[in-house]
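# Fold and contact review
These are the residues of each chain, in order.
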Amino acid sequence: ERLRVAWQGQNLGTTASIGVATSAPPHPTFDELLSQTDAACFAAKELGGNRSFAAAANPDEIRQRTRAMHSAIAAREALDQRRFALWCQPIVDLRNPGAPQSHFEVLVRWLDKDGKLRPPAELVAAAERYRLGPRLDRYVLDSTLTWLEQHPDAAARVEQCSINIGGTTLVDEDFGDYFAARLRRGPLRPPQLCLEITETSVVRDMTRARRFIGRMRDLGCRFALDDFGTGFCSFSYLRDLDVDFLKIDGSFVRDMDSSPLAGAVVRSITDIAHVLDKRAIAEHVEDMRQREALAAIGVDYMQGYAIDRPMPIDDYFSSAPRWIASASSSS
């Protein structure tokens, strides 16, 4: 650890992370033993590095990390075989709802080997951890633009399409080149695309996040800061972060009725967004009471079951959203 190597004006150091697994009769298979050792080594790295981590002394954590590794393998196989499906959920302006299907977020679902649809949370987390995030994000971006190319009538209705970008993609230097090239031959103009990035991924590497945002904004794209309020929730860095929307985390929206603190957080984020000339979006809005409370606070947009559930992209553009149908039946 004390060794330092001079390279390009910097002094580089080295640390070692060691994973240890024990084997006793009846011995597990070699693959299982190697998997335990690899998971233990990964745990040693995540705990700060320069240490050892014994699988036998931490069986619960090893099982959790082994599951994550299996999910990463499943994610890689799903990407190789293109076993993902695009779903959409509308985002509605509380003051001026606009045309159906005009503003929405693209969500991803994956199909297992048996063709069953699975929720994405565990798979996306594993993809981020094992550096598959940029590949997954490229797939979603390309698949979305390809679908819209094949459905020009749907593309003509798009006001804004939001696509999630993971933390590892923010620091991937090649993604910006790919994005710019794909956008030039795509069916949408840059202002029609909004890239959603999480607060925690931004504060993890603020310098690279600003650089990525700056490059994409030079192309004309918009940005939303997703899950806002769950990370460091520091308003100070927002002055230097060029985003258009703050998406208030759904946990605060859900708890507004029962928690004065949650309601205060929603109001504070909304007020700060407006002071900075940004717009606030409430996630996970589940009923009309929440919808009316958010409108009274001054939240600009909302997204959730109170409007419509996520649905496959084909269904999304072929049927009227539920909130439009409800408005028509009550008028």
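About the thresholds
- Residues numbered from 1 in each chain as written.
- Predicted model: local features only at pLDDT ≥ 70, side-chain atom pairs only at ≥ 80, totals over all residues.
- Heavy atoms only, no water.
- Helix = DSSP H or I, 4+ residues; strand = E, 2+ residues; numbered from the N terminus.
- Expected span 1.5 Å × (residues − 1).
- Buried < 20%, exposed > 50% of the residue type's maximum accessible area, 1.4 Å probe, protein only.
- Contact = heavy atoms within 4.5 Å.
- Polar contact = N/O pair within 3.5 Å; in protein donor to acceptor, adjacent residues only side chain to side chain.
- Phe/Tyr/Trp six-rings, centres within 6.5 Å; stacked < 30°, edge-to-face > 60°.
- Lys NZ or Arg CZ within 6 Å of the ring centre and 35° of its normal.

Taking 1.5 Å of rise per residue, the 17 residues of helix 1 (residues 30-46) would be expected to cover 24 Å, and the 24 Å separating its terminal C-alpha atoms lies within 8% of that figure. Along helix 1, the residues classified as buried are Ser35, Ala39, Ala40, Cys41, Phe42, Ala43 and Ala44. Contact partners of the buried residues in helix 1: strand 3 (17-20), strand 4 (51-54), helix 2 (59-80) and helix 3 (121-129). Two or three places before Glu32, at the opening of helix 1, Thr29 has a side-chain oxygen 3.2 Å from that residue's backbone nitrogen. Looking one or two places after helix 1, you find Gly48, whose phi comes out positive at around 120°.

Our next topic: the side chain of Asp244. By the element assignment, Asp244 lies in the loop between strand 11 (222-228) and strand 12 (245-248). Here the side chain of Asp244 touches Arg217 through a polar contact of 2.6 Å, side chain to side chain. Beyond its immediate chain neighbours, meaning those up to four positions away, Asp244 contacts Arg217, Arg222, Phe223, Lys278 and Arg279.

Right, let's talk about the packing of aromatic side chains for a bit. The tally for this structure, following the rule as stated, stands at 10 aromatic pairs. A centroid spacing of 6.4 Å and a plane angle of 45° characterise the contact between Phe175 and Tyr178, whose relative ring orientation is tilted. Of the two residues, Phe175 and Tyr178 are both situated in helix 7 (residues 173-184); the distance of three residues between them amounts to about one turn of the helix. Taken together, a centroid distance of 5.8 Å and an interplanar angle of 80° make the contact between Phe245 and Tyr301 edge-to-face. Within this pair, whereas Phe245 is found in strand 12, its partner Tyr301 is found in strand 14 (residues 301-302), the two being separated by 56 residues in sequence. With respect to burial, Phe245 and Tyr301 carry one shared label: buried. Stacked on the ring of Trp87, the Lys or Arg Arg109 has its end atom at 5.3 Å from the ring centre. Of note, Arg309 hangs over the ring of Tyr305, and the distance from its end group to the ring centre comes to 4.0 Å.

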